[in-house]
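Fold and geometry: a report
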Amino acid sequence: MSLESAALRRIAPSATIAISAKARALKAAGRDVIALSAGEPDFDTPDNIKDAAIAAIKAGKTKYTDPDGMPELKAAICAKFKRENGLEYKPSQVHVAPGGKPVIYNAFVATLNPGDEVIIPAPYWVSYPDMTLLAGGTPVPVETTAESGFKITPQALEAAITPKSKWLIINSPSNPSGGAYTRAELQAIADVLLKHPHVWVLTDDMYEHLVFDDFEFTTIAQVEPKLYDRTLTMNGVSKGYSMTGWRIGYAAGPEALIKAMGKMISQTTSNPCSISQWAALEALNGPQDFIKPNAKLFQERRDLVVSMLNQATGLHCPTPEGAFYVYPSCAGLIGKTAPSGKVIESDEDFAVELLETEGVAVVHGAAFGLSPFFRISYATSNDVLEDACSRIQRFCANVK
């Protein structure tokens, strides 16, 4: 008899976490490794947010809160959605969880039955399909193309919808591609969804504040109000506020869905850390003046990485609209021989050989459901990025 459950056997460990762990192990062994695999801003959490957390500790705000978030934070989230997205929500429509992953998982466990399908544009964040499987649903990946900006088209969405379709996931800007949907593109997606009222929408807006070149961020319930009653609009403080380790994600949606998600969290994690909630409250209500300068720095890093990768033999790197990732193609190197003598047969081979030969850790595209590509996170300094991209150029030049 297996110790592992059938549900656990349906999923794989997170590829991005696995690559980062391997890079750390090589570093610990004395290797000169540059890890471009983790999706984490290198900026520190702003001082006003840290001070709010310290004040909360000193004030003894260390007790349980409501399972799905304290009222003060829910009110701040409602204010954020109205201020930045033009969306009206009541606190009873808000769910707060210990990170973005639990928000999605709570929604899926609360709504998915065996056979229910979740449409997931590929490339996708590695956890979407596995969380679908854990919750008993069926992931339906829909491949996109570099030519479409790695965004699902209305035609592809229409073809993917079946009577069993329960959710569509939209991640904009995207992890791993950095692609972001314009208002017109979201409206075209919405027009398809309006013809299929049984399909709900989970929009993952975690990278909302990291958009470039005057791109206007919009979210689908804002673009098409007719979808408001079947959209879960998800966000968090991890990326825009450099608070990855604080573990606060949130979402807003119809009250019946939020109540079901609250039932789920009450029997699993219960409330997110009380101190992190007070810090998130300050993040949402406090000064926002650091967000645009940070985004400007990420844009400069994007431009550096895109330029250098497009100078590497066999690579092609599109220019994304947001987040802090690029998703270059390594198709020009497939079938060729790495410096080690191994033939590169896949993007995973490319990533492994790059790490072993030049000490640069990236994540292979197969982990995100679309090959032959790889993901680079450029959430680090220009000097480190220049060094890493120079190593990639050298590696590619030595592939024959």
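Everything here concerns the structure above.
Calculation criteria
- Residues numbered from 1 in each chain as written.
- Predicted model: local features only at pLDDT ≥ 70, side-chain atom pairs only at ≥ 80, totals over all residues.
- Heavy atoms only, no water.
- Helix = DSSP H or I, 4+ residues; strand = E, 2+ residues; numbered from the N terminus.
- Rg over C-alpha atoms; globule rule 2.2 N^0.38 Å.
- Buried < 20%, exposed > 50% of the residue type's maximum accessible area, 1.4 Å probe, protein only.
- Contact = heavy atoms within 4.5 Å.
- Pairing = 2+ DSSP bridges.
- Right-handed = clockwise from strand over helix to strand, strands pointing away.
- Phe/Tyr/Trp six-rings, centres within 6.5 Å; stacked < 30°, edge-to-face > 60°.
- Core = buried A, V, L, I, M, F, W, Y, C linked by side-chain atoms within 4.5 Å.
- Domains from an automatic or database assignment.
- Axes fitted to C-alpha atoms, helices over the stretch in contact; angles between N-to-C directions.
- Parallel < 35°, antiparallel > 145°, perpendicular 65-115°, else oblique.
- Left-handed = near helix turned anticlockwise from the far one by under 90°.
- Nonpolar A, V, L, I, M, F, W, Y, C, P; charged D, E, K, R; others polar.

**Regarding the overall build of the chain**
- The helix and strand tally for the chain stands at 14 helices and 12 strands.
- Relative to the compact-globule value of 21 Å for 400 residues, the chain shows a C-alpha radius of gyration of 21 Å, a close match.
- Seen through its principal axes, the chain has C-alpha atoms that stretch 60 × 55 × 55 Å.
- Relative to its full complement of 400 residues, the chain shows a buried share of 56%.
- Relative to all contacts within the chain whose residues are 6 or more apart in sequence, the contacts with residues 24 or more apart total 74%.

**Considerations on the sheet that holds strand β12 (residues 374–377)**
- Reading across from one edge, β9-β12-β11 is the order of the 3 strands in this open sheet, with antiparallel pairing throughout. Of all strands in the sheet, those bounded by a partner on one side alone are β9 (325–326) and β11 (363–364).
- Taken together, the 2 bridges between β9 and β12 define a ladder with antiparallel strand orientation. Each residue of the ladder has a partner; that of Val-326, found in β12, is Ile-376.

**As for the pairing of strand β6 (residues 200–204)**
- By the criterion of burial, β6 is predominantly enclosed, with 4 of the 5 residues buried.
- Judged from the 5 bridges that link them, strand β5 (residues 165–171) and β6 form a sheet pairing that is parallel. Bridge assignment links Asn-171 to a residue of β6, and that residue is Asp-204.
- With helix α8 (residues 183–193) bridging β5 and the parallel β6, this β-α-β connection has right-handed handedness.
- Summarising the sheet, β6 and strand β7 (residues 231–236) pair through 4 bridges and their orientation is parallel. Each bridged residue has a counterpart across the sheet, and for Asp-204 the counterpart in β7 is Met-234.

**Focus on the packing of aromatic side chains**
- Throughout the structure, instances matching the rule amount to 19 aromatic pairs.
- Residues Phe-81 and Tyr-89 carry aromatic rings whose centres are separated by 5.3 Å and whose planes lie at 65° to one another, so their mutual orientation is edge-to-face. Residue Phe-81 shares its accessibility class with Tyr-89, and that shared class is buried.
- Between Tyr-327 and Phe-368, the ring centres sit 6.0 Å apart and the planes meet at 80°, which makes this aromatic pair edge-to-face. Linking Tyr-327 in the loop between β9 and α13 (347–358) with Phe-368 in the loop between β11 and β12, this pair joins segments that are 41 residues apart in sequence. Of the two residues, Tyr-327 and Phe-368, neither departs from the other in class, the shared state being buried.

**Examining the nonpolar core**
- Formed by 80 residues in total, the largest nonpolar core has its most connected members in Phe-108, Leu-232, Leu-309, Leu-315, Phe-350 and Ile-376.
- The element contributing the most residues to this core is helix α12 (residues 291–309), with 7 residues.
- Both of domain 1 (8–44 + 290–398) and domain 2 (63–285) provide at least three residues apiece to this core.
- Those residues in contact with Leu-315 that sit more than four places away from it in its chain are Leu-309, Asn-310, Ser-329, Cys-330, Leu-333, Phe-350, Phe-374, Ile-392 and Cys-396.

**Notes on the packing of helix α3 (residues 47–58) against helix α11 (residues 274–285)**
- Where α3 meets α11, the closest approach of the two axes is 8 Å, and the angle between their N-to-C directions is 140°. Classified by the interaxial angle, the pair formed by α3 and α11 is oblique. Considering the relative orientation of α3 and α11, their crossing is right-handed. Side by side, α3 and α11 meet where Asn-48, Ile-49, Ala-52, Ala-53, Ala-56 and Ile-57 of the first sit next to Ile-275, Trp-278, Ala-279, Glu-282 and Ala-283 of the second.
- Grouping the amino acids of the contact of α3 with α11 by side-chain chemistry returns 9 nonpolar, 1 polar and 1 charged.

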